[in-house]
Amino acid sequence: MPVRIAGPESIGRGPGTAPRTVLLTGASGVVGRAVRQRLRDLDVACLVHRSPVCGPNVTTVPGDIAEPLLGLAERAYGELAARVDAVIHCAAVTAFNRHDGSLEATNVTGTEHVAAFAAAANAVLYHVSTAFVHTTVAGDRGRTAIGYASSKLAGEKVVRSSGVAHVIFRPSVVIGDSGTGEIAAFQGLHQVAAGIFAGIVPMIPFDPSWPIDFVPADVVADAIACVVENRVSEGEFWLSAGDKALSLYEGVAVTVELARDLGLSIDLPRFVPPEMFDRLIGPVFLDALPGRIRRNVLRMLEFFTTYLQSGQTKPSSLDQLVALGARPLPDQRESLRNSLRYWAARNGYGQAETERAA
């Protein structure tokens, strides 16, 4: 499928003034919470299913995108549509291994309901998809990601066929805030760090030169907010590091360096060719591991397989969005280090060293 990145000449702007009220779905999630915190100058109505949210410019609307009319009574639905000017759709099921129908119910049917609401409100729909929407795999490893990628691809098709004015965002792996490392929920990258910190990743069966693309949550949120605030009403934007992505070796080295700074004695994992691991090393290595550790290692292999994508460099719109006032991508090493430090602090790493120093 050809990739279209909207250029400055093709950015469409909606009529009138900046939106006075935005409906935000997924406001407690990784991207949604960062977006909610960034939208300081707009009224934000958060559609809340389970997790409550709050803020000085925030109101909550109990509902469910998987239900018709977003789970609202007809009157409440109409009143909400009458005051909303833009819809930012962040809500999604992101777990790869769901087989209970929730991927389709939320990522596809839920998007249909959100698009219908945007049509009723005559609002621009800002849809958050994924930079890995076209994920493919060869062989068995990585197949758990296919269902998620397919559901997000279907969600994009729903948006494009809905007839509503829309913008599609495709963020890559989202890590914590570039400065503080704070994040709403720990992600697959943190699970990989946990394995490296625990010393259960002696080898990594991927090319160390392949790029591992990630973007801090605050950068993603700022890009989305700038597009909304500038009333951009069409386009597809890749919120990814692109050619600024670290190599896999660089990312692993940052992780090992931080672990050592926190007092852990660990070695840098050895990189081995994928075909050698699958044919000779993997069967012996994995079978020798205890069950829990084996499952953790397999999850890490799934993560790498999905997000490395055989050395492909993702397109990126971040430099283009700087022209709208969005923040440029900060130093990747420092962002990763801050994100992992936040995770490590909340998992007890470094506490004993800090107490001894005190």
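To start, this report covers the structure provided alongside it. Just so you know, these numbers come straight off a predicted model, no measurement behind them. (Residues numbered from 1 in each chain as written. Predicted model: local features only at pLDDT ≥ 70, side-chain atom pairs only at ≥ 80, totals over all residues. Heavy atoms only, no water.)

Points about the packing of helix α7 (residues 248-261) against helix α11 (residues 332-345)
- At a minimum axis distance of 10 Å, the contact between α7 and α11 shows a crossing angle of 45°. Taken together, the axes of α7 and α11 lie oblique to each other. Crossing angle aside, the handedness with which α7 passes α11 is right-handed. Of the residues in α11, those in contact with Glu 250, Gly 251, Val 254, Thr 255, Glu 257, Leu 258 and Asp 261 of α7 are Arg 333, Leu 336, Arg 337, Leu 340 and Arg 341.
- Per-class residue counts for the contact of α7 with α11 are four nonpolar, two polar and six charged. (Axes fitted to C-alpha atoms, helices over the stretch in contact; angles between N-to-C directions. Helix = DSSP H or I, 4+ residues; strand = E, 2+ residues; numbered from the N terminus. Parallel < 35°, antiparallel > 145°, perpendicular 65-115°, else oblique. Left-handed = near helix turned anticlockwise from the far one by under 90°. Contact = heavy atoms within 4.5 Å. Nonpolar A, V, L, I, M, F, W, Y, C, P; charged D, E, K, R; others polar.)

Regarding unusual backbone geometry
- The phi dihedral of Leu 70 is positive, around 60°, even though this residue is not glycine.
- Take Leu 70: it is sitting in the loop between β4 (58-62) and α2 (74-83).
- Residues other than glycine seldom take positive phi values, yet Asn 122 does so here, at roughly 55°.
- Take Asn 122: it is sitting in the loop between α3 (102-121) and β6 (124-128).
- When its relative accessible area of 71% is taken as the criterion, Asn 122 is described as exposed. (Buried < 20%, exposed > 50% of the residue type's maximum accessible area, 1.4 Å probe, protein only.)

A word on the packing of aromatic side chains
- Evaluated as defined, the whole model comprises nine aromatic pairs.
- Ring centres of Trp 343 and Tyr 349 lie 5.5 Å apart, and the angle between their planes is 35°; on these two criteria the pair is classed as tilted.
- Relative accessible area serves as the criterion here: at 5%, Trp 343 is assigned to the buried category.
- A connected cluster of aromatic rings, assembled from ring pairs, spans Tyr 126, Phe 169 and Phe 237. (Phe/Tyr/Trp six-rings, centres within 6.5 Å; stacked < 30°, edge-to-face > 60°.)

Observations regarding the environment of Ala 66
- Here Ala 66 shows up in the loop between β4 and α2.
- Sequence spacing of Ala 66 and Ala 105 is 39 residues, and the spatial spacing of their C-alpha atoms is 5.7 Å.

As for the pattern of salt bridges
- Taken as a whole and judged by the stated rule, the model has 12 salt bridges.
- The salt bridge involving Arg 33 is made with Glu 182; its shortest N-O contact spans 3.2 Å. Taken together, the positions of Arg 33 in helix α1 (residues 30-38) and Glu 182 in the loop between β8 (173-175) and α5 (188-197) put the pair 149 residues apart, joining distant regions of the chain.
- According to the relative accessible area criterion, Arg 33 is partly exposed, its value standing at 22%.
- Within the structure, one salt-bridge network assembled from shared partners comprises Glu 156, Arg 160, Arg 170 and Glu 236. (Salt bridge = Lys/Arg side-chain N within 4 Å of Asp/Glu carboxyl O.)

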